[in-house]
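Listed below, chain by chain, are the residues.
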Amino acid sequence: MKQTLLLTLSSLSMAVFMTACTNQMASVGLSPADKAEECMIIDKKMIKIDNFITVVNDTSAFHLEEAARAIEAPGITVSTNKKQMLRDANKKKTELESEHQKLGCETSKK
């Protein structure tokens, strides 16, 4: 009896642990206000990334390390190599665009 209870509890806890660690959020519907706020936050992040890409493209590789310290862009890249910085920024931009699309935000007209 104790072994069956122990086995059942351990199996149940393992199942809960495995499903909780899949990095999937519960599908909870967002209210229109929350959705608009999330879209606005993503738009602001995309603007920062676009500005970062513009600055990196316009700066020579020789001066890029100095410019990287001046650019406030945490979370985009940690590299001071121009190609790697652009690669990281474009990857982050793609992630934000997919999140933007997943939320169903209106696309901004450029």
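(A) Region of the structure containing the state of the cysteines. According to the stated counting rule, one finds 1 disulfide in the structure shown. Between the sulfur atoms of C39 and its disulfide mate C105 the distance is 1.8 Å. Residues C39 and C105 share a disulfide whose torsion about the S-S bond is about -85°; that sign makes it left-handed. With C39 in helix 2 (residues 32–58) and C105 in the segment after helix 4 (82–103), this residue pair connects regions lying 66 residues apart in the sequence.

(B) Representation of the confidence of the model for the protein chain within the structure. A residue-level look at the protein chain finds 69% of positions with pLDDT of 70 or above and a mean pLDDT of 77. Of all helices and strands in the protein chain, the one with the weakest mean pLDDT is helix 1 (residues 2–20) (63), whereas helix 4 scores best (90). Confidence drops under a pLDDT of 50 for residues 22–27, and excluding neighbours within four residues, the segment shows 0 contacts in the predicted structure.

(C) Quick peek at the packing of helix 2 against helix 4. Look at helix 2 against helix 4: their axes get within 10 Å of each other, and the N-to-C directions meet at 160°. Judged on the interaxial angle alone, helix 4 and helix 2 are roughly antiparallel. Considering how the two elements wind past one another, helix 2 and helix 4 form a crossing that is left-handed. Class assignment for the residues of the contact of helix 2 with helix 4 results in 12 nonpolar, 3 polar and 10 charged.

(D) The nonpolar core, seen in detail. Counting 13 residues, the largest nonpolar core has I49, F52, V56 and A89 as the members making the most contacts within it. By residue number, the principal contributor to this core is helix 2, which donates 6 residues. Aside from chain neighbours lying at most four places away, what touches A89 is I49, F52, I53 and I76.

(E) Molecular detail of the environment of K91. Positionally, K91 belongs in helix 4. Its relative accessible area of 55% is what places K91 among the exposed residues. Between the C-alpha atom of K91 and that of T77, which follows or precedes it by 14 residues, the distance is 10.0 Å.

About the cut-offs
- Residues numbered from 1 in each chain as written.
- Predicted model: local features only at pLDDT ≥ 70, side-chain atom pairs only at ≥ 80, totals over all residues.
- Heavy atoms only, no water.
- Disulfide = S-S within 2.5 Å.
- Helix = DSSP H or I, 4+ residues; strand = E, 2+ residues; numbered from the N terminus.
- pLDDT = per-residue confidence, 0-100.
- Contact = heavy atoms within 4.5 Å.
- Axes fitted to C-alpha atoms, helices over the stretch in contact; angles between N-to-C directions.
- Parallel < 35°, antiparallel > 145°, perpendicular 65-115°, else oblique.
- Left-handed = near helix turned anticlockwise from the far one by under 90°.
- Nonpolar A, V, L, I, M, F, W, Y, C, P; charged D, E, K, R; others polar.
- Core = buried A, V, L, I, M, F, W, Y, C linked by side-chain atoms within 4.5 Å.
- Buried < 20%, exposed > 50% of the residue type's maximum accessible area, 1.4 Å probe, protein only.

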